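Residues per chain, in single letters:
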Amino acid sequence: QVHLVESGGGLVQAGDSLRLSCAASGRTFSTYTMGWFRQAPGKEREFVAAIWWTGVRTNYADSVKGRFTISRDNAKNTLYLQMNSLKPEDTAVYYCAVNRRGSTWYSLESGYDDWGQGTQVTVSS
């Protein structure tokens, strides 16, 4: 199991930026696909972005494409999500997750094995 801890959430205004971090335990972090998901009040958790182990291949939900950037520092066992041009509809609890089994379902919750506790992002209009 990989232990994940998110940080960097907060209250910002529309148009502002935030960078989320996800610190991971374990020596094999660099071999896993990682993802970010979010859950808004009253809604199901949804895919935001994924990054493969090399850090070269990434994938984004259409709703964040061009505004959010996922990245990773394998030397620091840390995953990032740079969020720019934030909108009120980006308000949610953001979770990082790790795909240890090599699932190809990178945009589905079922494709991930371990989850962090989440960090709240609130965007005011």
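Please refer to the structure placed before this passage.
Residues numbered from 1 in each chain as written. Predicted model: local features only at pLDDT ≥ 70, side-chain atom pairs only at ≥ 80, totals over all residues. Heavy atoms only, no water.

Draft legend 1. The overall build of the protein chain, seen in detail. Of the regular secondary structure elements, the protein chain holds zero helices and 11 strands. Its C-alpha atoms give the protein chain a radius of gyration of 13 Å, near enough to 14 Å, the size a compact globule of 125 residues would have. Here the C-alpha coordinates of the protein chain stretch approximately 40 × 25 × 25 Å along the principal axes. Going through the 125 residues of the protein chain one by one, you find that 45% of them count as buried. (Helix = DSSP H or I, 4+ residues; strand = E, 2+ residues; numbered from the N terminus. Rg over C-alpha atoms; globule rule 2.2 N^0.38 Å. Buried < 20%, exposed > 50% of the residue type's maximum accessible area, 1.4 Å probe, protein only.)

Draft legend 2. Unusual backbone geometry, seen in detail. Positive phi outside glycine occurs at Asn77, with the angle close to 55 degrees. Structurally, the position occupied by Asn77 is in the loop between strand S7 (68–73) and strand S8 (78–83). The exposure class of Asn77 is buried, given its relative accessible area of 17%.

Draft legend 3. A look at the packing of aromatic side chains. Applying the stated rule across the entire model yields six aromatic pairs. With centroids separated by 6.0 Å and ring planes inclined at 65 degrees, the aromatic side chains of Phe47 and Tyr106 adopt a geometry described as edge-to-face. One end of the pair, Phe47, is in strand S5 (residues 46–51); the other, Tyr106, is in the loop between strand S9 (92–99) and strand S10 (114–115), with 59 residues separating them in the sequence. Judged by centre distance (5.0 Å) and plane angle (65 degrees), the ring pair of Trp52 and Tyr106 falls under edge-to-face. Highlighted residues: Trp52 in the loop between S5 and strand S6 (58–60) and Tyr106 in the loop between S9 and S10, separated in sequence by 54 residues. Members of the aromatic cluster, joined through ring pairs, are Phe37, Phe47, Trp52, Tyr106, Tyr112 and Trp115. For Arg45, the ring lying beneath its charged end belongs to Tyr95, and the centroid distance is 4.6 Å. Directly above the aromatic system of Trp52 lies the positively charged group of Arg57, at a separation of 3.9 Å from the ring centroid. (Phe/Tyr/Trp six-rings, centres within 6.5 Å; stacked < 30°, edge-to-face > 60°. Lys NZ or Arg CZ within 6 Å of the ring centre and 35° of its normal.)

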